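Overview (structure and organization)
The chain contents come next:
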Amino acid sequence: MLSQVGTFCIGLALALALYAVGATLWGIRNAGGATGSARWTRSGQHATRATAAVLGGALLALSLAFLSNAFEIAYVAQHSATYLPLALKLSALWAGQEGSLLLWCGLQAFFAALALSRPAVRARRLVPWATVFLNLITAFFVAVTLFRSNPFTALPHVPLEGQGLNPLLRHPGMIFHPPALYVGYVGLAVPFAFALAALVTRQVEDWTAALRLWILLAWLGLGLGLLLGMRWAYDVLGWGGYWGWDPVENAGLLPWLTTTALLHGAVMQEERRGFRVWNILLVVASFALVLFGTFATRSGLIQSVHAYVASDLGGLFLFAIGVTLLGALGLMLARRAELVAGAPPPESLFSRAGLFYLTLLVFGTLTCSIFIGSILPTLTQALWGQRLEAGPAWFDQVTGPQFAALVFLMGVCPLLGRAARALRRQRVARQRWSWVALLAGALLAAGLLASAGFTNPISLAGFALVGATLASTLFEIGSGVAQRCAGTGAAPLNALWQLLRTRQRTYGGALVHMGVALLALGVIGTRLYPFERELTLSAGAPVEVGGYTLVFEELQQVRGEDHLASAARLALYRGAIYLATLEPRLEQYAGRQTVTVPALRSGLRDDVYVTLAGWSENGARVTLKVVVNALINALWAGGLVLLAGGALAFYPRNLGRRWNTLALALGILGLCGAAWAMWGLPHGATRAEAGRPPVGQAAPDFRLMLLDGSTLALEDLRGKVTVVNFWASWCPPCQEELPALREVWEATREEAVALVGIAYQDEEAAVRAAVDDDGGIPYPVGLDAGKRIAGQYGITGVPETFVINAEGNVAFWHIGPVTADVLLAEIRALLGSP
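Scope of this entry: the structure provided in the associated data block. (Residues numbered from 1 in each chain as written. Predicted model: local features only at pLDDT ≥ 70, side-chain atom pairs only at ≥ 80, totals over all residues. Heavy atoms only, no water.)

With that out of the way, let us pick up the overall build of the protein. Scanning the protein for helices and strands turns up 26 helices and 18 strands. Taken along its principal axes, the extent of the C-alpha atoms in the protein is 110 × 80 × 60 Å. In the protein, the share of contacts with a sequence separation of at least 24, taken over all contacts with a separation of at least 6, comes to 72%. Summed over its atoms, the accessible surface of the protein is roughly 36,300 Å², and 63% of this surface lies on carbon and sulfur atoms. (Helix = DSSP H or I, 4+ residues; strand = E, 2+ residues; numbered from the N terminus. Contact = heavy atoms within 4.5 Å. Areas by Shrake-Rupley, 256 points an atom, 1.4 Å probe, with all protein chains shown as cover.)

Ordered in space as β16-β15-β14-β17-β18, the five strands form an open sheet in which the pairing is mixed. Each end of this open sheet is capped by a strand with a single partner; those strands are β16 (781–783) and β18 (810–815). Taking each pair of neighbouring strands and ignoring which way they run, the sheet shows an average axis angle of 20°. Both strand β14 (residues 721–727) and strand β15 (residues 753–759) contribute to a ladder of seven bridges, which runs parallel. Residue pairing across strands places Thr722 opposite Ala754, the latter belonging to β15. Along the sheet face, helix α24 (residues 764–772) touches β14, β15 and β16 and points at about 170° away from the line of β16. (Pairing = 2+ DSSP bridges. Axes fitted to C-alpha atoms, helices over the stretch in contact; angles between N-to-C directions.)

On the surface, Leu60, Leu64, Leu67, Leu86 and Leu90 cluster together into a nonpolar patch covering about 440 Å² of accessible area. Mapped onto the nonpolar patch, the elements with two or more residues apiece are α2 (38–67) and α4 (86–91). Of all the elements, α2 adds the most residues to the nonpolar patch, at three residues. Under the relative-accessibility criterion, Leu67 is labelled partly exposed at 37%. (Patch = residues over 30% accessible without salt bridge, like charges linked within 9 Å, V, L, I, M, F, W, Y side chains within 5 Å. Salt bridge = Lys/Arg side-chain N within 4 Å of Asp/Glu carboxyl O. Buried < 20%, exposed > 50% of the residue type's maximum accessible area, 1.4 Å probe, protein only.)

Right, let's get into the pattern of salt bridges. Evaluation of the coordinates by the stated rule reveals 15 salt bridges. A salt bridge links Glu338 to Arg202; its shortest N-O distance comes to 2.6 Å. You can see Glu338 sitting in helix α14 (residues 336–340) and its partner Arg202 sitting in the loop between α8 (189–201) and α9 (207–210), a full 136 residues away along the chain. Since its relative accessible area comes to 43%, Arg202 is described here as partly exposed. Via salt bridges that share partners, Glu553, Arg569, Glu583, Arg692 and Glu800 belong to a single interconnected network.

Turning next to the packing of aromatic side chains. Under the criterion given, the structure shown has 29 aromatic pairs. Ring geometry for Phe726 and Phe802: centres 6.1 Å apart, planes at 80°, overall edge-to-face. With Phe726 in strand β14 and Phe802 in strand β17 (residues 800–804), this pair connects stretches of sequence that are 76 residues apart. This pair shows no difference in class: Phe726 is buried, exactly as Phe802 is. Feature note: the residues Trp104, Phe140, Phe141, Tyr182, Tyr185 and Phe317 constitute an aromatic cluster, connected by ring pairs. In this structure, Arg231 is placed above the aromatic ring of Trp636, and the distance from its NZ or CZ to the ring centre is 4.9 Å. (Phe/Tyr/Trp six-rings, centres within 6.5 Å; stacked < 30°, edge-to-face > 60°. Lys NZ or Arg CZ within 6 Å of the ring centre and 35° of its normal.)

Running from amino to carboxyl end, helix α18 (residues 457–488) crosses helix α19 (residues 492–502) at an angle of 110°, the nearest separation of the two axes being 9 Å. When the axis of α18 is compared with that of α19, the two are roughly perpendicular. Contacts between α18 and α19 pair Ile477, Gly480, Val481, Arg484, Cys485 and Thr488 from the former with Pro492, Ala495, Leu496, Gln498, Leu499 and Thr502 from the latter. Class assignment of the residues belonging to the contact of α18 with α19 gives a composition of seven nonpolar, four polar and one charged. (Parallel < 35°, antiparallel > 145°, perpendicular 65-115°, else oblique. Nonpolar A, V, L, I, M, F, W, Y, C, P; charged D, E, K, R; others polar.)

Bringing the sheet that holds strand β1 (residues 532–538) into the picture now. Strand order across the open sheet formed by four strands is β1-β10-β9-β8, with antiparallel pairing between neighbours. One side of each edge strand has no neighbouring strand; the edge strands of this open sheet are β1 and β8 (599–602). Taken over all neighbouring pairs, the strand axes of this sheet differ in orientation by 25° on average, direction set aside. Of the strand pairs in this sheet, strand β9 (residues 606–616) and strand β10 (residues 621–630) are connected by 10 bridges, and their pairing is antiparallel. Counted as the bridge partner of Trp615 is Val622 from β10. Along the sheet, helix α21 (residues 632–650) makes contact with β8, β9 and β10, crossing β9 at roughly 115°.

This next bit is on the pairing of β18. Pairing analysis gives five bridges linking β17 to β18, with the strands arranged antiparallel. Residue Ile804 lies in a different strand from β18, and its bridge partner there is Val810. Connecting β17 to the antiparallel partner β18 that follows it, the hairpin turn spans five residues, and Gly808 within it adopts a positive phi of roughly 90°.

This brings us to the nonpolar core. The nonpolar side chains of a soluble globular protein tend to be buried with one another. With 148 residues, the main nonpolar core has Phe194 and Trp636 as its most contacted residues. Ignoring sequence-local partners within four residues, the contact set of Phe194 consists of Ala115, Leu116, Ala123, Leu126, Val127, Ala130, Leu134 and Leu211. Counting 53 residues, the second largest nonpolar core, distinct from the first, contains Ala699, Leu714, Val771 and Ile804. (Core = buried A, V, L, I, M, F, W, Y, C linked by side-chain atoms within 4.5 Å.)

Moving on, we come to unusual backbone geometry. Here the amide bond leading from Val798 into Pro799 is cis, since omega sits at 0°, within 30 degrees of zero. Topologically, Pro799 is positioned in the loop between α25 (788–792) and β17. The backbone of Arg202 sits at a positive phi, close to 65°, despite the residue not being glycine. One non-glycine residue, Glu617, adopts positive backbone phi at about 55°. Following the sequence through the fold, Glu617 ends up in the loop between β9 and β10.

And the structure:
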C-alpha cells in the first residue's frame, strides 16, 4: 500500500510541476509581457505549493515505511532493520540514492513554494519567470526520481529482516550532515532561478539584494554540512584526518566557495559599484557546481568513499549541467547591454571595490584549482586510459597559498577601507592604532605559538597572518563599541548588544572572518605538524609516543545486536600525569564488513587519536595507529564561530519579538549542540579518578584497615616485594585465582615478600565469610571502603594484581586472574633469586 501511495505522489508531483510551468508561461504570453496574467500566474503558484504538499506526502509515506519495517519496499529492506533505533530508522531515509533524491525533491518544491509565496518587494516583478525556472528544476529532479531512482519499488518476495543501516552512517553527524548539505544545494536553486528571471525581464540591478537571505541560507547549509562531514570523517573513518581532498568532499566545498564570493559581490552590487556580471556568473557557477556535486556522488564515474553505488544517472546530470551553462550564458549574451549599463568606472586596486574584486578573483582561482584537481583522474582516464591522481599533497601545494591570500585579505581589507574613509575625512591619525593592532596581533600569535614549540618558519608566517586577521577584526568590533559608548553613554556590553542587533551584517561578517582565521590556525597545525605512528604494545608495558605515554591494559570483546566489538583499553599519560583511558575498537559486522572506531582525547594543544589495527597472542599484544593532531580544536572552534557569524547575519529582525526570541534560542541551542557533539561526547575516551600506575612509577601509598582491626600502610612494607591483589567475594574469577595466591603465599612467606588482599565493592560480612571459608585466605585482607584505594590504582574490575618492588615502584601488573608460576617468576626476578 505504501509503495503505491508513494509512487502515486511522486507522479502527481511531476504533473503538478509541469502544470505550474505551463500555466505560468501561458499567463506571461497572454499578458504580452514579463509580469504575466494574474490568474494564470497565481494558478502556477498554487500548483507549486501543491507540488510541495504532495512531495511532503511521499516523504511521509517513506518515513512510515521505515517506522513500520515495510521490507516489501526494496529501499527499506536495503537500509533498515527491526533492531535499529528510531533516530537511525528516520535517518535511513536519506542513506541511499533513492531516498536522498526524494528528500532533494521535497526540499526543492518546499523552497520554491516558500520563495514564491513571500518574495521581497524588489523581487515581485521576477516572480512569474522565477516560477517557471523553479518548477523546471523541480520537474527534472522529480522525473529522475520517478523513472530512474524510485524509492518505492516493491520486492517480489518480502524478507523477514532488513539488511540494516551501513555502520559508517550510524554516527550522529550523518543524521544531520546530508540534510544540511541539501539545504545548501537546494537553496541555491532559488537565487539561480531569480537571477535568470532578472535576465529575462532585464531587471538585473536589485535581484542580489532581494535574494540575500536565500544566498545566506544556502551558504549556512553548505557550511554546516561541510563541518559535520569533516567531523564524521574524523570520528568514523579512522584515518586520523578530517579532509582528504576527496572529489565528493570537494563537490560540497566548491559551491560554498562560489557562494561566499557571491555574498561579497552582492554587497558591491547593492552599493551600486557594478559587479553585475560577476554576480550572475557566480550564481550560475554555484548552481552548476551543485549539479556537478550530484553527478560526482551518483554517476559512479568519480571514485570516492562518499559516493553512492554506480548508477546510470550520470548522463542525466551532465545534460542538466550543459543546459544550465549554455542557457545562462546565452541569456547573459542577450542581455549584455543591461549588464554593463551604468557600470561605474574602474577604481584603484586598493580601493574598497578594488579589494573586493581581488577577493573574488582569489575565490575564482581557488575554485578552478580544486575543480581541476577533482576531475583530473576521471578526465585523464577517459582521454588516455590512465588515471593521473591529484593527491592531498598536490591540493595542499596549489591551494595553500591561495587560502593564505584570502586570510591576508580578510585582515587587510577592513583596515584599508577604514583608511580610505579616514583619508577622505582627513582623520588619518585615528587609523594608526588599527595598523598597530594588526602588527601586534601578528607578532603576538607567532610569538606565543613559537614558545609552545611550533617553530616551522612557514607555520610562523601563517600564524602571523591569523593573528593579524583576528586582531584587525577585534579592533573593528572594539572601535564600533567604543563609538557607540561615546555616542549613547551605554555600557560596553550593552553597546555591543545594540550593535549586534542593528548591524547584523557587519558584525556577522566580522565573526565569519574570525572563524575563518581560527580554521586556518587548525589547518596550519594539522598540515605542517603531522605525527603518525604504528606500534605494537604488550599488556602493562608503557610506550612513549608523540610526547605521551600509552599503556595497554586489556582487550575486551562485546557482542552487539549485529556486530562483535573488540576494544583495546589504553591508559594515556603525559609524563607521570594520568590523562584519560582510551578504548579504540574494531566492529565486525555480518558480511565481513569491519569498521574502525577511533578513540581520541582532545586538548587545547592537540588531539591524541588512536585506532586499533589488530591483536595477537590471545589479546596480550595489540597493534595501534596513533595520530597526534596539533591545534585541531582551533579548526572545530573556527567552524562554529563561522556558522555563528553567518547565523547572525541571517537572523531576521522583522518577525516580531516572540519569533525573534525563538529564532535566537534555536540558534544558540544549535550551536551548543554542535559544540557538545565535538567536545562533550566521550569519543571512546573516559576519565577515571586515576590511571593504573605505569611500570617503573612509584606505587600510590595507601592505608588499609584490615579485618582484624589493625592498619596496614604500603610504606611500612618498603624493602619487601609486595603483591597487592584487588578481589571480591562475588567475583568467580577471583575465587578461581585464590589457590594460586595461597600457593605464592606459602612459597614466599619466609622471604622478604608481602601479599595483601584488598576487597573491592564488597560487604564486610561476605569478605569475612570468604576469608574463613574452607582453605581460607592466609594473608592480610582489608575492605576498600568507598573505593578510595581502587581509585588510586585505576581499578575498573577484578581481579587485578600489582607487583611492587622493594623500592616501592610498580614492577608488574596483571588484569584478570594470574597463575602462581607467573607471580613466582616475577617475585624471584625482583628478589634476585633463582
